[in-house]
Amino acid sequence: MTRARERLRDRPLWEQSALIALWSLAGLLMVFFVYLLALIPLTPGIEDLNQARTARASKILSADGKELGTFEQGLQERVKLSQVSPEVIKALISTEDHRFYEHHGVDFTRIAGALWATMKGDAQGGSTITQQLARNMFPEEIGRARSINRKMKELITAIKIENTYSKTEILEAYLNTVPFLYNAYGIEMAARTYFNKPAARLDVLEAATLVGMLKGTHYYNPVTNPERSLKRRNVVLSQMRKHGALSEDRYRQLAKRPLRVRFARLPDRSGRDDHFTAHVRKWLLEWADENDYNLQLDGLVAETTLDLGLQEAAERAVERQASALQAVADVEWSQASLVRSTSAGMYQSMRGDVNPFAYYWSSRQRTLDAFVRETGDYRRAVEEGETPAAVLKRLKADRKFMNELKASKSRLEAGFVAIDPANGEVRAWVGSRDFDRDQFDHVAQALRQPGSTFKPFVYAAALEKGIAPDQTYRDVVQDIRAADGTVWRPTDMSGNSGRSMTMRDGLIYSKNTITAQVMQEVGLPPIVRLAQGMGIRQSKLSAVPSLALGTSPVTLLEMVSSYATIAAQGEYRKPVFVRRILDRDGRVVADFAAAVPERALSQETAVTLIDMLRGVVTRGTGGGVRYRFGIQGDVAGKTGTTQNNTDGWFILMHPNLVAGAWVGFNDNRVTIRSTYWGQGGHNAALLVGDFFRSALDSGRLDREALFPGGRPQAAPRYEEETEEEFEELPGDMPVEVMVPEEEAEPAPQPTQEEIDEANEEVPVEERSIPPSEIAPPPPPTQVQGAPAVDGF
């Protein structure tokens, strides 16, 4: 430094200034060079470029290879450059990068011109087509901020692209990735969206319109801003004339023509999601993150376990039977007097003559007020300063708001899932009656009390302890003291005989008194451990006495998976919904079908438990599924109902398939009114029975398949059905006396004026189902209107 100063002192002042300026410039250039070197590893490499150029969306397939959905980023269809109209290429190069064939990714002449124009107040961009492609291909890596750092990353990536691909490949990649609004990506989808034709048939005016949009798709949208789009189209035509793609006369003729758009938004071709594909998507996204895959680019193929034939049977069963049950609920709650019938067809025929749930709303004003206060509209209004009383009054006077609220609260919901016990593979999955209307999944998300469907865990624990199925207990009410000192007194709606009853019959007839005594003898910890081992792996089980009757909320998927463990003779297999994942070349990158099962239950216990549950559907609370739907073959299962008819359950086991359903309302303050239709044996069993009938009739299930110790069984005829209807009390009823239905919620009787007002409201729309499609009524020996809680 000292020598440098001495040399400068000996030189003229102008020479000193020049040398300092040169040294400073050299230093800045050195710093800039080091900065560029540091950026190179932070920009996409050759492998990234190849992946992005050959990007392919991953797919979700059914077990038989049908496409269920994709991970496309919007609507895309890649085409070769030869499949694109030459007018598009002329318009693009003339407008966006007229020296495209001369530069190597960066047009320094254009950058300098753009800087000069910007300094004069006419802001211009200097990006080449290759730089724009870099932004389109790597938006996250390059960034979106208007900064020098982003521009340098874009410049380096553009040079890498030019050194890797030909000009033709660059144009092709650009035209296939550029976004055009309305979820359309690429020139092919843009041509079909805005002009209803393929890209190969675009004329010069259409090409100029689409290229003109690239400066600002929203601002120059020909659908919403036709005047701006027309002016921008003519600017593109002017650029084509300027660079020799159009003659002067041709330009003048074209510029006078109107903007003709034939807009038609294309449907999403990635597949309509349902609860199963939505669940698979979420799981695959997590798997891809953990294993460093990009589902939008890598072209993976996820082979699921879903059987489309069984899935369609499940969807039909849910739609048909849940709609029939909706009619039951609508009619039962339409008036003060309770209509009593065991025929769903009768309610279906009456539904058009009543106002659904009119009596429910008019007699439960406090519940209705609570529903209003829980809405987002109410909370927002209160937060903005309106008094709670004023908000409540205003919203209750809003006819549209109230009709929508009542419709959502009074809509009956359902969940259904079927699992192959041999491998744990999910064959059918219906999360609600309508995915578009209710995306909450009643298979894997909803936590509901399982009621008596939990009882097999209690009896399995007893069998594992060595208690014989023929051991007897007295059918009497007993006080059971919990650890916290509270007394629990489980009872049965059908009454208590005081006589001895075997453990087997205690399960078959779903006797709460017997189950409670078995629970006491076994102890709660073994029951909890066994239930967790058999399939209740996510939900927390409360170790309280009433757990034995199903008071701890669980998911339907957990329950059906647990019953699949029983059907698999005690071997637990985690539910599988993706069998394996392949790469774009068909190589297996992950296989989930070969998981080793866990022994949760001894084989001897499982076989005995299957035989006990066989009795449930031959002479116990689940017998209706056989005679209503003509179910043949060796099957076993269990019904379940919870307090106030809140939840209805039914799970049926076949050697090749285990299926279960839940029925209820999303808000458990709304329930099915009558005890008959509120039972799992009368609601959820309809969905499962309908499904099994279709599966057996179609040959997808083997009628001759047998569990160990089983024998072929024909479907019983109506006259073979026992005259006695076995009932079971919901699991958490603490006393032996039930409150009458009409007194379930103390409330003043509505006035006629209130009922008339409720009757004026718009009813919820439901599809009318012909009586022939509804499950047949019970046999003539069935007592019409007999009170029941958990029976057929």
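Quick caveat: nothing in here was measured; it's all calculated off a predicted structure. What you see as residue numbers is a count from 1 along each chain, following the sequence as written. Reporting in this predicted model follows two pLDDT cut-offs: at least 70 for local features of residues, and 80 or more for side-chain atom pairs to be given and counted; totals over whole chains, interfaces and linings ignore these cut-offs and use all residues. The side-chain figures draw on all heavy atoms in the structure; neither hydrogens nor water molecules are used.

*Asks:* Which residues make up the nonpolar core, and what are the values?
*Replies:* Most often, soluble globular proteins keep nonpolar side chains buried together rather than apart. In terms of nonpolar packing, the biggest core is built from 77 residues, with Y459, V518, L609 and M653 touching the most fellow members. Every helix listed is a DSSP run of H or I at least four residues long, and every strand listed is a run of E at least two residues long, numbered separately from the N terminus. In terms of residue count, helix 26 (residues 556-567) provides more of this core than any other element does, 8 residues in total. Note on contacts: a residue pair is in contact if any heavy atoms of the two residues lie within 4.5 Å. In contact with V518, not counting residues within four places along its chain, are V458, Y459, A462, Y473 and M503. Put simply, buried Ala, Val, Leu, Ile, Met, Phe, Trp, Tyr and Cys residues joined by side-chain atoms within 4.5 Å make one nonpolar core. Burial classification: accessible surface area is computed with a 1.4 Å probe over protein chains only, and a residue below 20% of its type maximum counts as buried, one above 50% as exposed, and the rest as partly exposed. Counting residues in each nonpolar core, the second largest holds 61 residues, with V331, L412, L652 and Y676 among its members.

*Asks:* Can you explain the sheet that holds strand 17 (residues 647-654)? Please cite residues and give values.
*Replies:* Criterion used throughout: strands pair if DSSP finds at least two bridges between them. Read from one edge to the other, the open sheet built from 5 strands follows the order 7-6-18-17-16, with strand pairing classed as antiparallel. Here the strands that pair on one side only, and so sit at the sheet edges, are strand 7 (425-430) and strand 16 (636-641). Strand-to-strand twist across the sheet, computed as the mean angle between neighbouring axes with direction ignored, equals 10°. The sheet contact formed by strand 6 (residues 412-420) and strand 18 (residues 657-665) spans 8 bridges and is antiparallel. When the bridges of strand 18 are listed, F416 appears paired with A661. Axes here mean lines fitted to C-alpha atoms, for a helix over just the part in contact, with angles spanning 0 to 180 degrees between N-to-C directions.

*Asks:* Hey, could you go over the environment of L541 for me, with residue numbers and the actual values?
*Replies:* Within the secondary structure, L541 sits in the loop between helix 25 (524-534) and helix 26. Excluding anything up to four places from it in sequence, L541 contacts F454, V528, A531, Q532, I536, L547, S552 and V554.

*Asks:* If you had to explain the pattern of salt bridges to someone new, which residues and values would you point to?
*Replies:* We define a salt bridge as a contact between a side-chain nitrogen of Lys or Arg and a carboxyl oxygen of Asp or Glu at a distance within 4 Å. By the definition in use, this model includes 40 salt bridges. Put simply, E425 and R579 hold a salt bridge, and the shortest N to O gap is 2.8 Å. Note that E425 is positioned in strand 7 and R579 in strand 13 (residues 578-582), a separation of 154 residues in sequence. Here E425 falls in the buried class, since its relative accessible area comes to 5%. Judged by relative accessible area, R579 falls into the partly exposed class, the value being 23%. One salt bridge connects D611 with R504, and the closest N-O pair in it is separated by 2.8 Å. One end of the pair, D611, is in helix 27 (residues 603-619); the other, R504, is in helix 23 (residues 503-508), with 107 residues separating them in the sequence. The partly exposed category is assigned to D611, whose relative accessible area is 31%.

*Asks:* So, helix 12 (residues 226-242): which residues are in play, and what are the values?
*Replies:* Multiply 1.5 Å by the residue count of a helix minus one, and that product is the helix's expected span. Given a rise of 1.5 Å per residue, 17 residues ought to cover 24 Å, and the 24 Å separating the end C-alpha atoms of helix 12 matches this to within 8%. Tucked inside the fold, the buried residues of helix 12 contact helix 4 (86-96), helix 11 (204-213) and helix 13 (248-255). Directly after helix 12, the chain includes G244, whose backbone phi takes a positive value near 85°.

*Asks:* Run through the packing of helix 18 (residues 365-373) against helix 20 (residues 388-396), naming residues and quoting values.
*Replies:* Their axes nearest at 10 Å, the elements helix 18 and helix 20 cross at an angle of 105°. The angle between helix 18 and helix 20 places the two elements in the roughly perpendicular class. Facing Q365, D369, V372 and R373 of helix 18, the residues of helix 20 in contact are L392, L395 and K396. Taken together, the residues that form the contact of helix 18 with helix 20 break down as 3 nonpolar, 1 polar and 3 charged. For classification purposes, an angle smaller than 35 degrees is called roughly parallel, one larger than 145 roughly antiparallel, one from 65 to 115 roughly perpendicular, and anything else oblique. Any residue that is not Ala, Val, Leu, Ile, Met, Phe, Trp, Tyr, Cys, Pro, Asp, Glu, Lys or Arg is counted as polar, Gly included; the first ten are nonpolar and the last four charged.

*Asks:* Could you give an account of the pairing of strand 16, with specific residues and numbers?
*Replies:* Taken across its 6 residues, strand 16 has 6 buried, putting it largely inside the fold. Of the two faces of strand 16, the one carrying A636, K638 and G640 and the one carrying G637, T639 and T641 are both buried. Judged from the 6 bridges that link them, strand 16 and strand 17 form a sheet pairing that is antiparallel. Looking at strand 17, one finds that G637 is bridged to L652. Between strand 16 and strand 17, which pair antiparallel and follow one another directly, the connecting turn spans 5 residues, one of which, N644, has a positive phi of 60°.

*Asks:* I'd like a description of unusual backbone geometry, backed by residues and values.
*Replies:* Positive phi values are uncommon outside glycine, yet L181 reaches one of about 70°. Along the chain, L181 turns up in the loop between helix 9 (167-177) and strand 4 (184-185). Assessed through its relative accessible area of 15%, L181 is described here as buried. Located in the positive-phi region is Q569, a residue other than glycine, with phi close to 60°. Within the secondary structure, Q569 is located in the loop between helix 26 and strand 12 (571-572).

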